[in-house]
Amino acid sequence: MTLLRRSLLMLLLICLGCSAQSVAPDLATRIERQVRATYSLPSEVKILVGPKKTSEFPNYDAVTVTIDGAGKKQDYDFLISKDTNTLVRLVKMDLSKDPYAEIMKKIDVSGRPVRGNKEAKVVAVNFDDFECPFCSRMHQTLFPTLLKEYGDRVAFIYKDFPLSEMHPWAMRAAVDANCLAAQNNDAYWEFADYMHASQRDLNSEKGRDAQFAAIDKAAESHAQKHSLDIPKLQSCVKAQNQEAVKASIQEGEKLGISATPTMFVNGQEIDGALPIEQIRAIFDSALQQAGVAPPPHPPAGDSQPPGQ
């Protein structure tokens, strides 16, 4: 019985050796130099070549290369020929899944205020920063221009992505906006309109406390306009609970967002405040793919928002 166990153990070790073999030092060096040169990686970026493994492609093994830059590690899969003379970067795509639909599954829009048609087949989710000037340009393009054109065909949703290191009052505005959203959809959107239109005024306030006070005052003003529960709003504003905003930021980071505005139209990413014609083209394409006819558009140049 002991002999049988030893035989099974040896067989297991042999199989493990077949499935994952350490790369010889000279080959690891060749791979590292090739990867570093091909992708123009500086010397401070570390490159680790993993063991060779059996691949699904004849005459090729698989090898994982880990690139470590500033503490951020990313694994990349390569194929290496049996004679070790060819390295292939392979990107395997699963055609059974819609990549845009998979992205939309990662975005939580539950409870978020919606402009346009809540039941629309095209959903535009914009990760926004109230203090970002480029976000202001995008906001002016979306509202009212594109909202009027696509209002019954597209659902517009904002997610929070304040870049607090650059924009010191953006987090405050996001929290106050969510305090309004908890009570009234329209109050949230009107506050968003006000924030994006009032960036210069807020930036001219003397000191952080004055900026915060101006933002809180604006939130209360919009709450009064819609006859909301003022004590409830004041309590929410005073608490400054950032959990929901930080969760939205983490969600955006997982999607690869690093700047604002970043918008996803049925999963297709739009980076930055693009010209209105390009945004229309993306909206129209999404509508056509969803089986919805795009709306008629004004002649080029007739509908550019102010300041663009």
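Going by the structure above, here's the rest.
Starting afresh in each chain, residues are numbered from 1 along the sequence in its written order. Restriction of local features to residues with pLDDT of at least 70 applies here, the model being predicted, together with a cutoff of 80 or more for giving and counting side-chain atom pairs; totals for whole chains, interfaces and linings are based on all residues. The side-chain quantities take in all heavy atoms of the structure and omit both hydrogens and water.

Caption draft 1: Structural context of the side chain of lysine 159. Per the convention used, a helix needs a DSSP run of H or I reaching at least four residues, while a strand needs a run of E reaching at least two, with both numbered from the N terminus. By the secondary structure assignment, lysine 159 is in strand 8 (residues 154-160). Think of it in three bands: with a 1.4 Å probe and only protein chains considered, a residue is buried below 20% of the maximum accessible area for its type, exposed above 50%, and partly exposed in between. Assessed through its relative accessible area of 7%, lysine 159 is described here as buried. Whenever a nitrogen or oxygen atom comes within 3.5 Å of another N or O atom, the pair is scored as a polar contact, on the condition that within protein one atom can donate a hydrogen and the other can accept it, and that pairs from neighbouring residues in sequence are kept only if both atoms are in side chains. A polar contact is formed between the side chain of lysine 159 and the backbone oxygen of aspartate 108, at a distance of 2.6 Å. Every residue pair with non-hydrogen atoms within 4.5 Å of one another is taken to be in contact. Ignoring any residue separated from it by four or fewer positions in sequence, one finds lysine 159 in contact with Asp108, Arg112, Val125, Asn126, Phe127, Asp128, Ser248 and Glu251.

Caption draft 2: The arrangement of the environment of serine 164 in detail. Note on placement: serine 164 falls in the loop between strand 8 and helix 5 (170-181). The sequence separation of serine 164 and tyrosine 150 amounts to 14 residues, and the corresponding C-alpha distance is 32 Å.

Caption draft 3: Inspection of the packing of aromatic side chains at higher detail. For Phe, Tyr and Trp, where Trp contributes only its six-membered ring, two rings pair if their centres lie within 6.5 Å, and the inter-plane angle classes them as stacked under 30 degrees, edge-to-face over 60, or tilted in between. In this structure the tally under the stated criterion is 10 aromatic pairs. Their ring planes at 70° and their centres at 5.4 Å tell us that phenylalanine 143 and phenylalanine 156 sit as a pair that is edge-to-face. In this pair, phenylalanine 143 is assigned in helix 4 (residues 133-150) and phenylalanine 156 in strand 8, connecting sequence segments 13 residues apart. Judged by centre distance (5.2 Å) and plane angle (85°), the ring pair of tyrosine 188 and tryptophan 189 falls under edge-to-face. For tyrosine 188, a relative accessible area of 1% puts it in the buried group. Judged by relative accessible area, which is 1%, tryptophan 189 ranks as buried. A connected cluster of aromatic rings, assembled from ring pairs, spans Phe143, Tyr150, Phe156, Tyr158, Tyr188, Trp189 and Phe283. Whether a charge sits over a ring comes down to the Lys NZ or Arg CZ being within 6 Å of the ring centre and within 35 degrees of the ring normal. The residue whose ring lies beneath arginine 89 is phenylalanine 78, and the NZ or CZ to ring-centre distance is 5.7 Å. Stacked on the ring of phenylalanine 143, the Lys or Arg arginine 115 has its end atom at 4.6 Å from the ring centre.

Caption draft 4: How the structure looks around the state of the cysteines. Any two cysteine sulfur atoms within 2.5 Å of one another count as a disulfide. Following the criterion strictly, the structure yields 1 disulfide and no others. With no disulfide of its own, cysteine 132 lies closest to cysteine 135 among cysteine sulfurs, the gap being 3.1 Å. Of the residues examined, cysteine 132 reaches a relative accessible area of 3% and is grouped as buried.

Caption draft 5: How the structure looks around the environment of methionine 166. As for its position among the elements, methionine 166 is in the loop between strand 8 and helix 5. Given a relative accessible area of 56%, methionine 166 falls into the exposed group. In this structure the C-alpha to C-alpha distance between methionine 166 and cysteine 132, which are 34 residues apart in sequence, comes to 8.9 Å.

Caption draft 6: Up close: the nonpolar core. In terms of nonpolar packing, the biggest core is built from 61 residues, with Leu142, Met195, Met263, Val265 and Phe283 touching the most fellow members. In terms of residue count, helix 5 provides more of this core than any other element does, 8 residues in total. Grouping buried Ala, Val, Leu, Ile, Met, Phe, Trp, Tyr and Cys residues that are joined through side-chain atoms within 4.5 Å yields what is termed a nonpolar core. Formed by 14 residues, the second largest nonpolar core is a distinct cluster that contains Val23, Leu27, Val49 and Val63.

Caption draft 7: Molecular detail of the pattern of salt bridges. Between Lys or Arg on one side and Asp or Glu on the other, a salt bridge is scored when a side-chain nitrogen of the former is within 4 Å of a carboxyl oxygen of the latter. Applying the stated rule across the entire model yields 10 salt bridges. For the salt bridge of glutamate 102 with lysine 105, the shortest nitrogen-to-oxygen distance reads 3.2 Å. Taken as a pair, glutamate 102 and lysine 105 lie in helix 3 (residues 99-105) at a separation of 3 residues, close to a single helical turn. A residue is classified by how much of its surface remains accessible, and glutamate 102, at 26% relative accessible area, is partly exposed. Residue class for lysine 105 comes out exposed when judged on its relative accessible area of 64%. Of the charged contacts, one joins lysine 225 and glutamate 190 as a salt bridge, the two residues approaching to 3.0 Å between their closest N and O atoms. In this pair, lysine 225 sits in helix 8 (residues 208-225) while glutamate 190 sits in helix 6 (residues 185-197), placing the two residues 35 residues apart along the sequence. The class of lysine 225 is exposed, set by a relative accessible area of 58%.

Caption draft 8: Representation of helix 11 (residues 276-289). Multiply 1.5 Å by the residue count of a helix minus one, and that product is the helix's expected span. In this model, helix 11 (14 residues) spans 20 Å end to end at C-alpha, consistent with the 20 Å of a helix rising 1.5 Å per residue. If you check which residues of helix 11 are buried, you get Ile276, Ile279, Arg280, Ile282, Phe283, Asp284, Ala286 and Leu287. Buried residues along helix 11 sit against strand 7 (122-128), helix 4, strand 8, strand 9 (262-265) and strand 10 (268-271). Of the residues one or two after helix 11, glycine 291 is the one with positive phi, at around 80°.

Caption draft 9: Just the pairing of strand 4 (residues 72-81), in detail. Pairing between two strands is assigned when DSSP locates at least 2 bridges connecting them. As paired strands, strand 3 (residues 60-69) and strand 4 are joined by 10 bridges and run antiparallel to one another. Its bridge partner lying in strand 4, isoleucine 67 is registered against glutamine 74. Where strand 3 folds back on strand 4, the antiparallel hairpin that results is connected by 2 residues, among which alanine 70 adopts a positive phi of roughly 55°. The sheet contact formed by strand 4 and strand 5 (residues 87-89) spans 3 bridges and is antiparallel. When the bridges of strand 5 are listed, isoleucine 80 appears paired with leucine 87. The loop that links strand 4 with its antiparallel partner strand 5 comprises 5 residues; one of these, threonine 84, has a positive phi angle of about 60°.

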